[in-house]
Amino acid sequence: MLILPIQRIPRYEMFLGELVKRTPEEHPDFSALKQAFTSVSKQAFQINEACDKAENVLKVTEVSRALGIENLLAAGRKHVREDSLEDQKPDGQAVNARCFLFSDIIILSHEKRSKKVNIVLDIDLCWVRDMTKPESCQLITTKGTHILKFSSESNQQAWVKDFGNLLRARITGVTGKSILAKRADYHVTDETTTGVFSLHFSGESPAESPNTVTRKKRASKWFATLKKKKKLKDPREEKEEEASELPGDSTGQRRNSLPHDSNSLEAEDITPLSARQSNRLRSSQYSHSETSAQQRREFRRSASVANNRARALIRSA
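Being a predicted model, the structure only gives us computed values, none of them experimental.

1. What to know about the sheet that holds strand β4 (residues 115–122)
Working step 1: Taken together, the seven strands give an open sheet; going across it, the order is β4-β3-β2-β1-β7-β6-β5, and neighbouring strands pair in antiparallel fashion. Looking along the sheet, the strands with just one partner apiece sit at the ends: β4 and β5 (126–130). Direction aside, neighbouring strands of the sheet carry axes that sit 35 degrees apart on average.
Working step 2: As paired strands, strand β2 (residues 94–102) and strand β3 (residues 105–112) are joined by five bridges and run antiparallel to one another. Note on β3: the bridge partner recorded for F100 is I107.

2. Some points on the state of the cysteines
Working step 1: Applying the stated criterion across every chain, the model contains zero disulfides.
Working step 2: Free cysteine C99: the closest other cysteine sulfur is in C137, separated by 8.5 Å.
Working step 3: With relative accessibility at 0%, the residue C99 sits in the buried group.

3. Description of the packing of aromatic side chains
Each pair of aromatic rings is reported with the distance of its centres and the angle of its planes.
Working step 1: Overall, the coordinates contain three aromatic pairs when judged by the stated rule.
Working step 2: Centroid distance W127 to Y186: 6.4 Å. Interplanar angle 55 degrees. Geometry classified as tilted. Of this pair, W127 sits in strand β5 while Y186 is found in strand β8 (residues 186–193), placing the two residues 59 residues apart along the sequence. For the pair W127 and Y186, one class covers both residues: buried.
Working step 3: Summarising the aromatic geometry, the rings of W159 and F163 are spaced 5.7 Å apart at their centres and angled 5 degrees between planes, so their arrangement reads as stacked. Taken together, the positions of W159 and F163, both in helix α3 (residues 153–171) and four residues apart, correspond to about one turn of that helix. Taken as a pair, W159 and F163 share a single burial class, namely buried.
Working step 4: The residue whose ring lies beneath R183 is W127, and the NZ or CZ to ring-centre distance is 4.2 Å.

4. Some words on the pairing of β5
Working step 1: Both β5 and strand β6 (residues 136–141) contribute to a ladder of five bridges, which runs antiparallel. Each residue of the ladder has a partner; that of R129, found in β6, is Q138.

5. Digging into the confidence of the model for the chain
Working step 1: Confidence in the prediction of the chain, expressed as mean pLDDT, is 76, and 67% of residues score 70 or more.
Working step 2: In the model, residues 205–209 has pLDDT below 50 throughout and makes five contacts with residues more than four positions away in sequence or in other chains.
Working step 3: Below pLDDT 50 for its whole length, residues 248–270 participates in 23 contacts with residues either more than four positions away or in separate chains.

6. What about the pairing of β3?
Working step 1: Where burial is concerned, most of β3 is hidden: six out of the eight residues are buried.
Working step 2: The antiparallel hairpin formed by β2 and β3 contains two residues in its connecting segment.
Working step 3: Note that β3 and β4 share eight bridges and pair antiparallel. Bridge pairing links L108 to I119 in β4.

Reading the values: rules and limits
- Residues numbered from 1 in each chain as written.
- Predicted model: local features only at pLDDT ≥ 70, side-chain atom pairs only at ≥ 80, totals over all residues.
- Heavy atoms only, no water.
- Pairing = 2+ DSSP bridges.
- Helix = DSSP H or I, 4+ residues; strand = E, 2+ residues; numbered from the N terminus.
- Axes fitted to C-alpha atoms, helices over the stretch in contact; angles between N-to-C directions.
- Disulfide = S-S within 2.5 Å.
- Buried < 20%, exposed > 50% of the residue type's maximum accessible area, 1.4 Å probe, protein only.
- Phe/Tyr/Trp six-rings, centres within 6.5 Å; stacked < 30°, edge-to-face > 60°.
- Lys NZ or Arg CZ within 6 Å of the ring centre and 35° of its normal.
- pLDDT = per-residue confidence, 0-100.
- Contact = heavy atoms within 4.5 Å.

Printed below as a string of structure tokens:
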């Protein structure tokens, strides 16, 4: 019952059209009938357009839920068709897939181990090439080449025709110049494998946009300022300071590892090295380029022995 008001307008259009055809131009009602027919035709066109938009919104929403893609519904995006096909890679590996063709994007949905993998492709940066097999074609994109094998030759030809019409409409539209400028930075070639085309970028790097350059400059300035304000310590020095601050355990493992006995500790007058003195000695040792690794190890060992001796004296006192 809800569809009856919508169907009534096209019936009025057909009825008035027949009246205009069968009414002679000399009849006094001819001009009024013709005006009524024009008005009803405009209303019918607007109703059909609104119905198409509503159906498109429902279809895009349905696809978005089925694929698990959020924000698929966009202004001006129209669902054109969907096909079940076989997506083959240049190395011969094939995967069953669903191809969704929209007015501005292409979605290839694969099912791998009960998990859906969706590849969203910008139609502005897609190229199509035919193959020797009539039911197959190559889809060359910035994310790789896909060999699409359709169920029949007619489906392949219909898909290629729809793709060509959509791309032609976008190039001849308002944003046609920018699309052509983007496509001019790429060229399609089969240099790697004969018969299998791939896409090569020949222009300037598209990732270096003005906003990206500004963010990189700000990040570099921030890191430079941070280095000036906060001097980072050498990781080796931090490890040695942590090791020197460890208290001796009750079992005397660290004490027994020293090359002396407990009686000799009382006879020696040893004061512990401060952190500044240790760092100064360490920096003076590292400043000489001729210092070998063995000498640095001996220095660290002697400093550790001195500190342990001082701690042992303090504990014994």
